[in-house]
Amino acid sequence: MGHSAALNFADGKTFFIDVQEQEFLLDAAVRQGITLPLDCREGVCATCQGRCDAGQYEQDYVDEDALTEQDLADRKILACQTRLKSNAAFYFDHASSFCQAGEALKIEAIVTDLEWVSDETVLLKLDASQHSAQIQFLAGQYARIYIPETHEYRAYSFAHAPQANNQLQFLIRYLPEGLMGRFLKSHCQIGQSIELEIPFGSFYLRENEAKRPRYFIAGGTGLSAFLSMLDQMPASDQIIHLYYAVRHEEHLCEQARIHSYTKKFSRFEYHPVISQPSEHWQGLKGYVQEHLETEQLHAHHFEMYVCGPPTLVEAIKSHLADHQIENGEFFSEKFIAAA
Ligand SMILES: Cc1cc2nc3c(=O)[nH]c(=O)nc-3n(C[C@H](O)[C@H](O)[C@H](O)COP(=O)(O)OP(=O)(O)OC[C@H]3O[C@@H](n4cnc5c(N)ncnc54)[C@H](O)[C@@H]3O)c2cc1C
Ligand code: FES
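Residues numbered from 1 in each chain as written. Chains lettered and ligands numbered in written order. Predicted model: local features only at pLDDT ≥ 70, side-chain atom pairs only at ≥ 80, totals over all residues.

Draft legend 1. Examining helix H7 (residues 310–322) more closely. Taking 1.5 Å of rise per residue, 13 residues should cover 18 Å, and H7 covers 18 Å from first to last C-alpha, within 8% of that figure. Buried within H7 we find Leu-312, Val-313 and Ile-316. Taken end-on, H7 shows its buried residues confined to a sector of 100°, consistent with a single buried face. Among the exposed residues of H7, those oriented more than 90 degrees off its buried face are Pro-310, Thr-311, Ser-318, Ala-321 and Asp-322. Turning to H7, the residues buried within the fold contact strand E14 (214–219), strand E15 (240–246), strand E18 (302–308) and strand E19 (328–334). Once H7 finishes, Gln-324 follows within two positions and takes phi at roughly 50°, a positive value. (Helix = DSSP H or I, 4+ residues; strand = E, 2+ residues; numbered from the N terminus. Expected span 1.5 Å × (residues − 1). Buried ≥ 20, exposed ≤ 12 C-beta atoms within 10 Å, placed from the backbone. Arc of directions from axis to C-beta. Contact = placed C-beta atoms within 7 Å.)

Structure representation (structure tokens):
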């Protein structure tokens, strides 16, 4: 039985390949048209170097000049010596064009629903079942959605884990002056066809065998990526904190779904944080960084994922730096407007 490998590149493109039992990752990639850079094929030159971000693997021969002990501890790999023990995700620190990996997958999908889940947020539902193979992406990654009648696209994180029936959901903040905003408000029709390019992004769940506490911090529709991750993660007793920052409490979305995670994860804690609350709001007020438990963060090695506006990502980074919190892995995705 083989495994699936996601190959992520520095230009944000991701390709999924099958890797047969006992097959080397490099051979599997080349067999499927992705010519990863290579030279010796013997574990010596390090030309095929990458990093395993999720999944189990083993390596045959790795020369000490190719990867140091620290590199190995950091899960760096030589693709020519790596065999998979489970499905896995790898990162290569060069553009995919370096290995003639081709274009990202373009698909058509039909709009099945446009649900206004708050006055500034739309849950866009698409049916991509006409695409015969199951659509693959890593939880936390995003799609480029082309705005019909334009050549423009906007990036949106999948709001769910991959599904066999290829039903897709995206949580989209409505900007009245935005190109996508105007399309959703005035032109989008149920039954309409939309083009997407998938999948993109290096913001996805990392391997966490040690069950380190996970902190998910969402600003507005940054929540989408975390819905995907929480759907994808198996039930466990791992410590999970979800912080969800919005301006007004009526902008909180998908509350029933978020609360349902307490059944799946026995140590799941949800912290909505409102920066401009009404007088009725009883919960956390202000900004997320004011509510992070510094002592708790110092106490364990943790993983932190932050997704949303650049100001949120920068504020959390500064908070960690100001409090000398260095015992965590930090991953972020900024919602910078598309070029
Ligand atoms: C990797 C990635 C993932 C993303 N995922 C999501 C997602 O899951 N959900 C989501 O809602 N958005 C997401 N975004 C943002 C999204 O791609 C668009 O930028 C956003 O929806 C605005 O598109 P628009 O066409 O409506 O506005 P545009 O026509 O692009 O912009 C209209 C005006 O609003 C300003 N503007 C653009 N973006 C924002 C913003 N976020 N806040 C305030 N003002 C803004 C612009 O500067 C401009 O003045 C993501 C962005 C990136 C890069
Ligand atoms: S090609 Fe030389 S180490 Fe893999």
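Once the structure has been displayed, the description carries forward.
Draft legend 2. Looking closely at the domain arrangement of the protein chain. For the protein chain, the assigned domains read domain 1 (3–99), domain 2 (105–200) and domain 3 (214–334). Across the contact, 15 residues belong to domain 2 and 14 residues belong to domain 3. Residue assignment for the side of domain 2 that touches domain 3 shows that the elements contributing at least two residues are strand E8 (105–118) and strand E12 (167–173). In terms of residue count, the dominant contributor to the side of domain 2 that touches domain 3 is E12 (four residues). Classifying every residue of the side of domain 2 that touches domain 3 by side-chain character gives eight nonpolar, five polar and two charged. (Domains from an automatic or database assignment. Nonpolar A, V, L, I, M, F, W, Y, C, P; charged D, E, K, R; others polar.)

Draft legend 3. Spotlight on the sheet that holds E12. Ordered in space as E11-E10-E13-E8-E9-E12, the six strands form an open sheet in which the pairing is antiparallel. Bordering the open sheet on either side are strand E11 (153–157) and E12, each of which pairs with just one other strand. Strand-to-strand, the axes of this sheet are offset by a mean angle of 40°, without reference to chain direction. Sheet analysis places E8 next to strand E9 (residues 121–127), joined by seven bridges and oriented antiparallel. From the neighbouring strand, Ile-110 faces E9, where its bridge partner is Asp-127. (Pairing = 2+ DSSP bridges. Axes fitted to C-alpha atoms, helices over the stretch in contact; angles between N-to-C directions.)

Draft legend 4. View of the site of ligand 1. Around ligand 1, 23 residues are found, and the nearest of them are Ala-155, Arg-173, Gly-178, Met-180 and Thr-221. Looking at the shell around ligand 1, the elements that each hand over two or more residues are E11, E12 and helix H3 (179–187). Take the shell around ligand 1: its biggest share by element is four residues, from E11. Its residues assigned to classes, the shell around ligand 1 shows 13 nonpolar, six polar and four charged. (Near = placed C-beta within 6 Å.)

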